[in-house]
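Structure at a glance
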Amino acid sequence: MTTEDESRPARRRVTLTGISSRAWEHPADRGALTALRELRGFDDVVKAFFGMWNERAFRLAFLANAIRVDHRQYPSIYQRFTEAAQTLDVAELPQLYVTQDPSINGQAIGIDKPFIVITTGAVDKLDDEELRALLGHEIGHVRSGHAVYKTIMMILTKWAANLAWLPVGAIALRAIIAAMFEWWRKAELSADRAGLLAGQDPAASLRLLMKLAGGGDLTQIDTTAFLEQAQEYESGGDLRDSVLKLGMTIYSSHPVPVARAAALRKWVDSGEYAAILGGEYPRRDGDGNASVTDDVKAAANSYRETFNESQDPLVGLLRKLGDGAADLAGSAARSARTWGQRPNGQDGDTPPA
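Before going into details, it helps to say that this report is about the structure given with it. (Residues numbered from 1 in each chain as written. Predicted model: local features only at pLDDT ≥ 70, side-chain atom pairs only at ≥ 80, totals over all residues. Heavy atoms only, no water.)

What follows deals with the overall build of the protein chain. Across its full length, the protein chain holds 15 helices and four strands. The proportion of buried residues among the 353 residues of the protein chain is 41%. Of the accessible surface of the protein chain, which amounts to about 19400 Å², a share of 55% is contributed by carbon and sulfur atoms. (Helix = DSSP H or I, 4+ residues; strand = E, 2+ residues; numbered from the N terminus. Buried < 20%, exposed > 50% of the residue type's maximum accessible area, 1.4 Å probe, protein only. Areas by Shrake-Rupley, 256 points an atom, 1.4 Å probe, with all protein chains shown as cover.)

What follows is the structure, given as structure tokens:
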């Protein structure tokens, strides 16, 4: 009997020699990361934060309660893992664990030596190509240094809970946390791109997101219909739906699966994915020359483009209000300029009132 994986032809993946994580990082993610990396002493601050969160104990917990993957344990997963790493030109593999959990999930944990954990749900429900995309996603997190900043976010979240009795401090801290969650959602979009580059199979990356949304049996799921859900989520409803979506996502670390699918599809359609496979991508040896100014500008442009192209009703209203304010300001400026060009501000020979 032919399995689902055997029925698909083997794909020849392009090894992305020397690729920098900047190649897959979303502009908003990359802008934040570049700025943080340029801060002098930031590593020391991170280690000070990290002193409150014991990486050794966390690693030991997985060593005791999960399966460490290698050529002897889960050898087929280890093969997919090494393939994803080789494609992204990662020489030193992070440790990989499989933990008991029926949901499909993965995470990158730690600062000094980050490691990766995936669930038994991912092992049981994903085919080889989908699993390679998931593992590439987590390798992307490690290569971009996302685990470092997520650790800080975890600590800040704990602080916010402890400072709930202090209104001013809690409000300020929650604002910081909301901003970090916004960054983390963009980091997830970056990792989705890394997963696609690791597997180089857009259909598999899309299937992974469909399964994350609840489509374990894809024989009953339609790709076109799933993307239509994404379109309806982005543009459907009215202002009430916009407010509800805002409440759903403001303190969420991950974009919803349909939004992730739409974002990944847009990236592929932009031509950037094909360009990278064609060899046009930033190399690691050029990371030291990355411009903070350029990356911050790219982040701002990304947010501006998203705002201008969004079909969300609330964003549309804000655009209209902005355009109305701009029109009003422009009209006032033109009136003032016309008035200033007349003698004594008068209209012809009409005497002043």
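So, next bit.
With respect to the helices and strands, the residue Arg193 is situated in helix H8 (residues 167–199). Here Arg193 occupies a buried position and makes no salt bridge, while the nearest side chain of opposite charge, Glu272, is found at 4.7 Å. Aside from chain neighbours lying at most four places away, what touches Arg193 is Trp24, Glu25, His26, Pro27, Leu264 and Trp267. (Lys, Arg positive; Asp, Glu negative; His and termini not counted. Salt bridge = Lys/Arg side-chain N within 4 Å of Asp/Glu carboxyl O. Contact = heavy atoms within 4.5 Å.)

The interhelical angle for the contact between helix H4 (residues 75–87) and helix H6 (residues 128–144), taken along N-to-C directions, is 55°, at an axis separation of 9 Å. Put simply, H4 runs oblique to H6. Note on packing geometry: the crossing formed by H4 with H6 is right-handed. Residue-level inspection shows Ile77, Arg80, Phe81, Glu83, Ala84 and Ala85 of H4 in contact with H6, the latter providing Asp128, Leu131, Arg132, Leu135, Gly136 and Ile139. Here the contact of H4 with H6 is composed, by residue class, of seven nonpolar, one polar and four charged. (Axes fitted to C-alpha atoms, helices over the stretch in contact; angles between N-to-C directions. Parallel < 35°, antiparallel > 145°, perpendicular 65-115°, else oblique. Left-handed = near helix turned anticlockwise from the far one by under 90°. Nonpolar A, V, L, I, M, F, W, Y, C, P; charged D, E, K, R; others polar.)

What follows concerns the sheet that holds strand E3 (residues 106–109). The strand order E1-E2-E4-E3 describes an open sheet built from four strands, whose pairing is mixed. Strands with a single pairing partner mark the edges of an open sheet, and in this sheet they are strand E1 (67–68) and E3. As paired strands, strand E2 (residues 96–99) and strand E4 (residues 115–119) are joined by four bridges and run parallel to one another. Following the sheet pairing, Leu96 is matched in E4 by Ile116. Lying over the sheet, H6 contacts E2, E3 and E4, oriented at roughly 150° with respect to E4. (Pairing = 2+ DSSP bridges.)

Okay, the pairing of E2 next. Every other side chain in a regular strand lies on the same face of the sheet, so the side chains alternate between the two faces. Burial of the side chains of E2 extends over both faces: Leu96 and Val98 are buried on one face and Tyr97 and Thr99 on the other. Here E1 pairs with E2 via two bridges, running antiparallel. The partner of Ile67 across the bridge, within E2, is Val98.

The subject of this paragraph is unusual backbone geometry. Generally, phi is negative for residues other than glycine and the peptide bonds are trans, each holding for most cases. Unlike most non-glycine residues, Tyr74 shows phi in positive territory, near 50°. Within the fold, Tyr74 resides in the loop between E1 and H4. If you check the backbone angles, Asp89 has positive phi at about 55° while not being a glycine. As for its placement among the helices and strands, Asp89 is situated in the loop between H4 and E2. For Asp89, a relative accessible area of 26% gives the class partly exposed.

Glancing now at helix H3 (residues 55–65). Restricting attention to buried positions, one finds in H3 the residues Glu55, Arg59 and Phe62. Viewed end-on, H3 has its buried residues packed into an arc of 60°, placing them on one side of the element. Along H3, the residues that are exposed and aim more than 90 degrees away from the buried face are Arg56, Leu60, Ala64 and Asn65. (Arc of directions from axis to C-beta.)

Formed by 33 residues in total, the largest nonpolar core has its most connected members in Ile118 and Leu197. Listed by contribution, the elements that provide at least two residues to this core are H4, E2, E4, H6, H8, helix H12 (257–269) and helix H13 (272–277). With five residues, H6 is the single largest residue contributor to this core. Residue contacts for Ile118: discarding those within four places in its chain leaves Ile77, Leu96, Tyr97, Val98, Thr99, Asn105, Gly106, Val123, Leu131, Leu134 and Leu135. Grouped together as the second largest cluster of nonpolar side chains are eight residues, Met210, Phe226, Ala230 and Ala261 included. (Core = buried A, V, L, I, M, F, W, Y, C linked by side-chain atoms within 4.5 Å.)

Compared with the 18 Å implied by 1.5 Å per residue over 13 residues, the 18 Å span of H4 between its first and last C-alpha is a close match. Within H4 the residues assigned to the buried category are Ile77, Arg80, Phe81, Thr82, Glu83, Ala84, Ala85 and Thr87. Backbone geometry just downstream of H4 places Asp89 in the positive-phi region, at approximately 55°. (Expected span 1.5 Å × (residues − 1).)

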